[in-house]
Amino acid sequence: MKVGIFTFWGVPNYGAFMQAYALQKIIAKLYPEDKVLQISYLDQHHYKTYYSIINTNYRLFFINPRFYRNLYYRWRRRANIESLKAFFSYYESIPHTEDFEREELKTASFDVVVLGSDIIWDYQQGIFGNDRFLFGNDFRAKKVVAYAPSFGTVKSSDEPPAYVVKGLNGLAAISVRDENSAKLVEQYTGREALVVLDPTLLMDADDENFVKPDIERYIIVYGSSFSPELIRGAREYADKHHLKLVCLNSLDDTFDWCDLNISQENLSPFAWCGYFKYAEAVFTCTYHGLMFGLIFKKRISFHPTPFILDKASSLIDYLGLREVLIEKRTFEDKVDWSWDYEEIYRRLLPMRKKSLTYLKESLKENG
């Protein structure tokens, strides 16, 4: 078979890269005799927003409009486009198709197309360009299936565009990343969608490409939105335990309360994973910051925004982590909570099996 994976391609975002990388490796392992390729395509509206910074309606992660309006202007002043484009070179390490324009992709042939993970179904985000491909429309494929996409900020009261419903109805198999997305699939189509794990939670935590950093005894800081109380708590905790606070820059995040700020142009996705793997703890407000904290069995101080909770709350509840991740208020209480990863992974195991079974069965030529 020729299997094409369709997700956000070439986006300078660590979570976007790692979910694409993970899904590629998992499918290739399940079907070692088949050709498994990422589809090298990104809607031009989406591309230009990231790389040209010319669209003043930059709303990918709008939770606090004032904050993200300021973020846009910070990016524009920085204008370091080459450093962002350098991120794309790491996508070259993933087997992929030739670069497609929209009309070219319509004529490309696949046996199976897998709509990959991430918030590719958040049709309210104008940055995604109302791309019909994201819902499986217009592909030349024997079948199209979905693995762990999310509707992100979409609510049950929102009215979906016709192309969304048409695409969902045409899918041969549907799985999603969260309960809200499953409910929306049922609301729009009457079909049941299986809730599965983000592909990063299926990957090998000892991947040979992960790079060990040259520092020790540190806490990772990853994200853009932290409360003043948690910031003070992180600084006090680090000083008390002789740890460094290391900020991994993704959206021009630089914090004077951190000991070290590592810019994106100096941080490959595999080095990013290495910093998580060897950290003492993780301080994050992002979805994949939480995922990689769990993958590497770290103590986590999580400060989720409503946008992130839309994506993560069902998994948090399933793992029994609402108390520590959401309800506890101080940095120390979160990090020094009794993190029982034996129990966490006992709960993850059946979901891992269910997720892998879905992938194997849905991709079968006659499945």
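Refer to the structure presented above.
Reference entry: report on the structure contained in this document. (Residues numbered from 1 in each chain as written. Predicted model: local features only at pLDDT ≥ 70, side-chain atom pairs only at ≥ 80, totals over all residues. Heavy atoms only, no water.)

1. Some words on the nonpolar core
A general trend in soluble globular proteins is that nonpolar side chains are found buried together. Core analysis: the biggest nonpolar cluster contains 110 residues, and Trp121 and Phe151 have the highest contact counts within it. Counting residues per element, this core draws most heavily on helix H1 (residues 14-30), at nine residues. One finds Ala238, Cys247, Trp257 and Ala281 within the second-largest nonpolar core, a separate group that totals 19 residues. (Core = buried A, V, L, I, M, F, W, Y, C linked by side-chain atoms within 4.5 Å. Buried < 20%, exposed > 50% of the residue type's maximum accessible area, 1.4 Å probe, protein only. Helix = DSSP H or I, 4+ residues; strand = E, 2+ residues; numbered from the N terminus.)

2. Describing the side chain of Ser268
Its location among the elements puts Ser268 in the loop between strand S9 (260-262) and helix H9 (269-277). On the accessibility criterion, Ser268 (13% relative accessible area) is buried. Side-chain polar atoms of Ser268 contact the backbone nitrogen of Ala271, separated by 3.0 Å. Leaving out residues up to four positions away in the same chain, Ser268 has contacts with Tyr14 and Tyr90. (Polar contact = N/O pair within 3.5 Å; in protein donor to acceptor, adjacent residues only side chain to side chain. Contact = heavy atoms within 4.5 Å.)

3. Description of the side chain of Gln24
Within the fold, Gln24 resides in helix H1. The buried category is assigned to Gln24, whose relative accessible area is 6%. Residue contacts for Gln24: discarding those within four places in its chain leaves Ile5, Val36, Leu37, Gln38, Ile94 and Pro95.

4. As for the packing of aromatic side chains
Within this structure, the stated rule accounts for 38 aromatic pairs. Aromatic side chains Phe17 and Phe270 sit 5.6 Å apart centroid to centroid with 80° between the ring planes, which places their arrangement in the edge-to-face category. Of this pair, Phe17 sits in helix H1 while Phe270 is found in helix H9, placing the two residues 253 residues apart along the sequence. Each member of the pair, Phe17 as well as Phe270, is classed as buried. Aromatic side chains Tyr341 and Tyr345 sit 6.2 Å apart centroid to centroid with 50° between the ring planes, which places their arrangement in the tilted category. Residue Tyr341 and its partner Tyr345 are both found in helix H14 (residues 341-363); the two are separated by four residues, about one turn of the helix. Among the aromatic residues, those joined into a ring-pair cluster are Tyr14, Phe210, Tyr222, Trp272, Phe276, Phe292 and Phe296. (Phe/Tyr/Trp six-rings, centres within 6.5 Å; stacked < 30°, edge-to-face > 60°.)

5. Here we look at the sheet that holds strand S3 (residues 109-115)
Pairing is parallel across the open sheet formed by six strands, whose spatial order is S2-S1-S3-S4-S5-S6. Taken across any chain shown, the strands that pair with only one partner, and hence form the sheet edges, are strand S2 (35-38) and strand S6 (194-195). Sheet analysis places strand S1 (residues 2-6) next to S2, joined by four bridges and oriented parallel. Within S2, the position partnered with Val3 by the bridge is Val36. (Pairing = 2+ DSSP bridges.)

6. Considering the pattern of salt bridges
All chains considered together, the criterion is met by 18 salt bridges. The partner of Asp111 in a salt bridge is Lys142, and the shortest N-O contact between them spans 3.1 Å. Within this pair, whereas Asp111 is found in strand S3, its partner Lys142 is found in strand S4 (residues 140-146), the two being separated by 31 residues in sequence. With a relative accessible area of 17%, Asp111 lands in the buried category. A residue is classified by how much of its surface remains accessible, and Lys142, at 61% relative accessible area, is exposed. Close ionic contact of Asp336 with Arg299 constitutes a salt bridge, the shortest N to O distance being 3.2 Å. Taken as a pair, Asp336 in the loop between helix H13 (331-335) and H14 and Arg299 in strand S11 (residues 299-302) lie far apart in primary sequence, 37 residues in all. (Salt bridge = Lys/Arg side-chain N within 4 Å of Asp/Glu carboxyl O.)

7. Side note on the sheet that holds S9
Across the sheet, which stays open at both edges, the five strands sit in the order S9-S8-S7-S10-S11 with parallel pairing between neighbours. Whereas interior strands pair on both sides, the edge strands pair on one side only; in this sheet they are S9 and S11. Averaged over all pairs of adjacent strands, the angle between strand axes in this sheet comes to 20°, irrespective of strand direction. Here strand S8 (residues 244-248) pairs with S9 via three bridges, running parallel. Among the inter-strand pairings, Leu248 is bridged to a residue of S9, identified as Ile262. (Axes fitted to C-alpha atoms, helices over the stretch in contact; angles between N-to-C directions.)

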